[in-house]
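Close look at the chain arrangement
Residues per chain, in single letters:
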Amino acid sequence: MSDRPETGDSDVASIDGDNRTLLKLVQAAILISLVWKARYFLVVSAIHSQFPLEHPFFPWVLQRLETVRIAWLLACVSAGLILFSQTSKNIFRLTALNLLMLIVLSIHQKSFNDVTFMCCAWSALWCLWMSTRLHEPFESLFPRAAWLTHLILSMIFIGGAVGKMTPGYWDGTVLYEIYFIDRDFWTYNLIRSLFAEESLPNVAMWHARMVICAEWVCGFLWLMPQKVASIVAVVMLCGIALTNNFLLFSVVTCLIGLALVGLHEKRQPTKSPLTTPA
Amino acid sequence: MLRSTKFIPDAFAKRDLLGLGLLAMIGGTILWSMTIVFSPTMRQMALERFHLAGNSFPLWAVHQAVPAMYNMENRIQFTNRLIGDKPFDPADESYIKRTLNHYPARFITFGNNHPVCFSNQPQGTFEIRSVFGDTELVTRWEITPQSQHTNLDADKKPDKTAGSTGGPSGSVPRTMIVRQISKKWNVTKPGVGHE
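Take the overall build of chain A next. Summing up its helical and strand segments, chain A has 13 helices and one strand in all. What you see in chain A, going N to C, is helices and strands ordered as α-α-α-β-α-α-α-α-α-α-α-α-α-α. Dimensions of chain A, computed from the C-alpha atoms along their principal axes, are close to 75 × 55 × 30 Å. Looking at chain A as a whole, 57% of its 278 residues qualify as buried. A sequence separation of at least 24 residues applies to 76% of the contacts in chain A between residues at least 6 apart.

Shown next, in the form of structure tokens:
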């Protein structure tokens, strides 16, 4: 028993603080993502108990309302606890639990459709990898960590861009039907007030093409210089939520957390008076 | 460019096998997502994924790792009537037609639409039509209240009192069952649009 505190202390001491800071930054972003729509999830959860529906495609346990409630709660609790954890073992275990719960949410009948969980799961996978590398010197780990965040972000943008390579998106029809006809949000209200009704399909077409091109550009974040990639990703992700739907911050916040990793600056060690030049 | 070429040698030097594994997973996922442009099989799998109409749940679960935000052209139709293979009637007061960004099956699996769809009758017919490139998948589903005896009994008549699902009468919610009734593929030739 007496060895334990020592082991924990030495473990904590040998962790590079900047590595831990980066991991906690992304976990905090995951927590915000999960909590952002808490009220919405609670309302939908209540509706599910009023309108129980079984879909035979899903295994029994992945149809249960209790499963999705417990998974969401444990995902939030584990992400929160990681922020206060110091030892690498605890951080690893909690990150693994967090990832497992996010995977459950990504394949559950009542939550599979919310890409919040898929984006959080990829972010949590990066955190799990980081939790195994906490003892590596920051200087050698950071370039790999930042590049992996940009690769994950590129993958997510490519997934969106490829699925739009179909005539309905390229000619703007899909986005016109979803957003331009009657979506009550400031951007679309503004566009409807600026353009005549008959020209809206044309505006939708150019908007759709801009979206597809922007997504393809962001699909190459991994090839951009580190800070440029991070800034481009943050601007793009914030833009998506600010111009389409504030609820989308649940999807993009964890990704913004990943993008911010590339902007990290190593903390300068405090200079001792003895080493300060006279 | 330099960053991308340094990752693998650095990871090997540091014995970072998990990092290399993560790189392989991300690379595999990117390739998987891009194959829908070139491979009819992968395109069909992606469409089935959105409809929850594939044969393998484990494969679908793995496929969920592939990002698919705002993918495909997805349109749905819904009515409280049990119409089988017959066409939807837009004049029907319970008829709903929408375009959805992704995961169109959510219209019935996710609860936010349930009060609109099932408050009056806990049953209905639901159709998803998704298009990617030259391939279209149309699936039709029937939602019926779980019967004490057999689900088929519920198909015969719309039961307005059955399982009022927490409505004004306050009776115990009755589980609704989703059942696929048809699945059709349409592949168009170059230069010829869908019907």
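A separate point is unusual backbone geometry. Residue and element names in this part refer to chain B. With phi around 65°, M72 is a residue other than glycine that occupies positive phi space. Tracing the chain through its elements places M72 in the loop between helix 4 (57–63) and strand 1 (73–79). Phi is positive for Y103, which is not a glycine, with a value near 45°. Summarising the element assignment, Y103 is placed in the loop between strand 2 (96–100) and helix 5 (106–109).

Taken together, the six strands give an open sheet; going across it, the order is 1(A)-5(B)-4(B)-3(B)-1(B)-2(B), and neighbouring strands pair in mixed fashion. In the strand order of this sheet, the two ends are held by strand 1 (53–54) of chain A together with strand 2 of chain B, each with one partner. As judged from the two bridges shared by strand 1 of chain A and strand 5 (residues 176–187) of chain B, these two strands associate in the parallel manner. Within strand 5 of chain B, the residue paired with A:E54 across the bridge is B:I177.

Basis of the calculations
- Residues numbered from 1 in each chain as written.
- Chains lettered and ligands numbered in written order.
- Predicted model: local features only at pLDDT ≥ 70, side-chain atom pairs only at ≥ 80, totals over all residues.
- Heavy atoms only, no water.
- Helix = DSSP H or I, 4+ residues; strand = E, 2+ residues; numbered from the N terminus.
- Buried < 20%, exposed > 50% of the residue type's maximum accessible area, 1.4 Å probe, protein only.
- Contact = heavy atoms within 4.5 Å.
- Pairing = 2+ DSSP bridges.

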